[in-house]
Amino acid sequence: TDCSPPNAVANVSQYACQRRTTTENHNKIFTDVMEELAESSEFNESKGPCLAFRQAASVLKSLPSAVHCLEAIQGLPCLGEHTKAVMEEILTFGRSFKVEEIRCDERYQALKLFTSVFGVGPKTAEKWYRRGLRSLKEILTEPNIQLNRMQRAGFLYYSDISKAVSKAEAKALGCIIEETVHWIAPDAILALTGGFRRGKEYGHDVDFLLTMPEMGKEEGLLLHVIDRLRDQGILLYCEYQGSTFDVSKLPSCRFEDMDSFQKCFLILRLEQGQVEGERGLQRDPGDSRGWRAVRVDLVAPPVDRYAFALLGWTGSRQFGRDLRTFAQKERQMLLDNHALYDKTKKLCLPATTEKDIFAHLGLEYVEPWQRNA
Ligand code: TTP
Ligand code: MN
Ligand code: MN
Ligand code: MN
């Protein structure tokens with residue numbers, strides 16, 4: 001029957017790093033709702049419920065088939081009473097009244113809209129909401145609002161960068177970055193990370209990692225790449241962050257802590273003619289300029305930290321969070337984007353590949369396309 005016996009799901013781990021989650025999600029009707037509930041909790045600064053909804057969504061994404069009845073989720077980890085009640089509503093009525101109520105909420109709508117602008121986080125969004133602002137137009141016409149450089153770029157390219165980036169567009173950008181990087185340093189190491197490395201069809205940006213085979217040689221590389229992109233006339237915006245990496249520091253136990261590698265958050269101009277499948281195609285006449293703006297992230301760790309950075313930047317966020325929780329709770333180790341520290345042995349465990357890190361943690365290797373938790 002549709003209701004698989006509980007033993008069919010009895011072996012699902014509470015940790016995303018012990019599950020294999022492809023981009024094929026059989027339970028989207030539930031996980032979309034869970035993720036909206038998580039976002040709404042985040043806006044209300046309810047960290048516990050937010051994490052609980054994200055974990056529940058992540059477990060459901062890993063299931064090999066659609067859930068058709070509540071019996072089928074018996075024994076699954078991370079599904080609390082609240083989550084089960086929402087799932088029951090969806091199973092019975094085909095919709096969740098709780099989430100529909102939230103979607104209609106004025107505050108939720110405004111915060112969602114404001115945080116959709118590049119450079120605007122929940123704090124700024126809340127500030128604008130409290131000042132009575134409700135639309136993007138109101139933000140732009142309100143005389144007393146000071147936008148920073150990133151937010152100005154976010155508004156300037158809003159319609160382009162709020163549009164999903166396709167795999168073909170990511171590939172085209174990959175070619176441009178590759179050519180640029182290797183023109184500067186033929187032996188540079190470049191890798192696609194983020195959602196596209198996990199095999200996603202669409203993303204909100206394109207993420208890359210770059211380094212040099214010789215330690216320290218990566219230091220000037222990123223600024224050179226930025227200069228070269230500017231010379232090519234495709235750099236629309238650049239937020240550069242220098243390295244604050246400290247080798248003597250232990251890995252951070254807080255997942256929210258950003259890594260300290262040299263990086264930049266870019267907006268690049270992508271010519272439609274450079275995108276496979278778009279070449280010579282008749283485009284929408286209203287969209288005749290022939291290019292779009294795309295968000296790109298470049299991160300440049302030293303080569304001895306490359307595997308940790310690759311693992312962290314490949315994500316998903318939930319997968320990374322659970323890797324770190326697993327390391328801490330199950331192995332007494334500290335993992336972040338820079339290093340893995342064994343608290344029992346009191347030493348850092350080196351790694352040149354992601355497989356090394358999984359092995360140190362005593363975990364079966366999970367391929368990038370199985371990390372869509
Ligand atoms: P994102 O690009 O934000 O997310 P994504 O590529 O998984 O999804 P999308 O398609 O929406 O772009 O970040 C990529 C991964 O990098 C993400 O799993 C978390 C991680 N990350 C860090 O480790 N440190 C950071 O500072 C940021 C911004 C992300
Ligand atoms: Mn990304
Ligand atoms: Mn994102
Ligand atoms: Mn990114």
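As the structure is a prediction and not an experimental result, all values here were calculated from the model. (Residues numbered from 1 in each chain as written. Chains lettered and ligands numbered in written order. Predicted model: local features only at pLDDT ≥ 70, side-chain atom pairs only at ≥ 80, totals over all residues. Heavy atoms only, no water.)

## Quick word on the confidence of the model for the chain
Then comes step 1: Of the residues in the chain, 95% have a pLDDT of 70 or more, and the chain-wide mean is 95.
Then comes step 2: Here helix 4 (residues 97–104) is the element of the chain with the lowest mean pLDDT, 96, and helix 15 (residues 354–360) is the one with the highest, 99. (pLDDT = per-residue confidence, 0-100. Helix = DSSP H or I, 4+ residues; strand = E, 2+ residues; numbered from the N terminus.)

## Examining the nonpolar core
Then comes step 1: Counting 39 residues, the largest nonpolar core has Leu60, Val67, Phe114, Trp128 and Ile139 as its most contacted members.
Then comes step 2: Contributions of two or more residues to this core are made by helix 1 (28–43), helix 2 (47–61), helix 3 (81–93), helix 4, helix 5 (106–115), helix 6 (122–130) and helix 7 (136–141).
Then comes step 3: Of the domains in this structure, domain 1 (6–101) and domain 2 (106–156) are the two that each give at least three residues to this core.
Then comes step 4: Setting aside anything within four residues of it in sequence, one finds Ile139 in contact with Phe114, Trp128, Leu133, Ile145, Leu147 and Phe155.
Then comes step 5: Judged by nonpolar contacts, the second largest core, of 31 residues, contains Met212, Leu229, Ile234 and Cys238. (Core = buried A, V, L, I, M, F, W, Y, C linked by side-chain atoms within 4.5 Å. Buried < 20%, exposed > 50% of the residue type's maximum accessible area, 1.4 Å probe, protein only. Domains from an automatic or database assignment. Contact = heavy atoms within 4.5 Å.)

## Observations regarding the domain arrangement of the chain
Then comes step 1: Assigned domains within the chain: domain 1 (6–101), domain 2 (106–156), domain 3 (165–303) and domain 4 (312–370).
Then comes step 2: For the pair domain 3 and domain 4, the two sides together bury roughly 1,800 Å², of which 62% comes from carbon and sulfur.
Then comes step 3: It is Arg198, Pro251 and Phe255 that lose the most area in domain 3 upon contact with domain 4, and together they represent 39% of the buried surface on that side.
Then comes step 4: Joining domain 3 to domain 4, the criterion identifies one salt bridge. (Buried area = accessible area lost by both parts, 1.4 Å probe. Salt bridge = Lys/Arg side-chain N within 4 Å of Asp/Glu carboxyl O.)

## Things to note about the packing of helix 1 against helix 4
Then comes step 1: Remark: helix 1 packs on helix 4, axes separated minimally by 10 Å, with the N-to-C direction vectors making an angle of 50 degrees. Between helix 1 and helix 4, the angle falls in the class oblique. Crossing hand, helix 1 versus helix 4: left-handed. On helix 4, the residues that touch Val33, Glu36, Leu37 and Ser40 of helix 1 are Lys98, Val99, Ile102 and Arg103.
Then comes step 2: Taken together, the residues of the contact of helix 1 with helix 4 break down into four nonpolar, one polar and three charged. (Axes fitted to C-alpha atoms, helices over the stretch in contact; angles between N-to-C directions. Parallel < 35°, antiparallel > 145°, perpendicular 65-115°, else oblique. Left-handed = near helix turned anticlockwise from the far one by under 90°. Nonpolar A, V, L, I, M, F, W, Y, C, P; charged D, E, K, R; others polar.)

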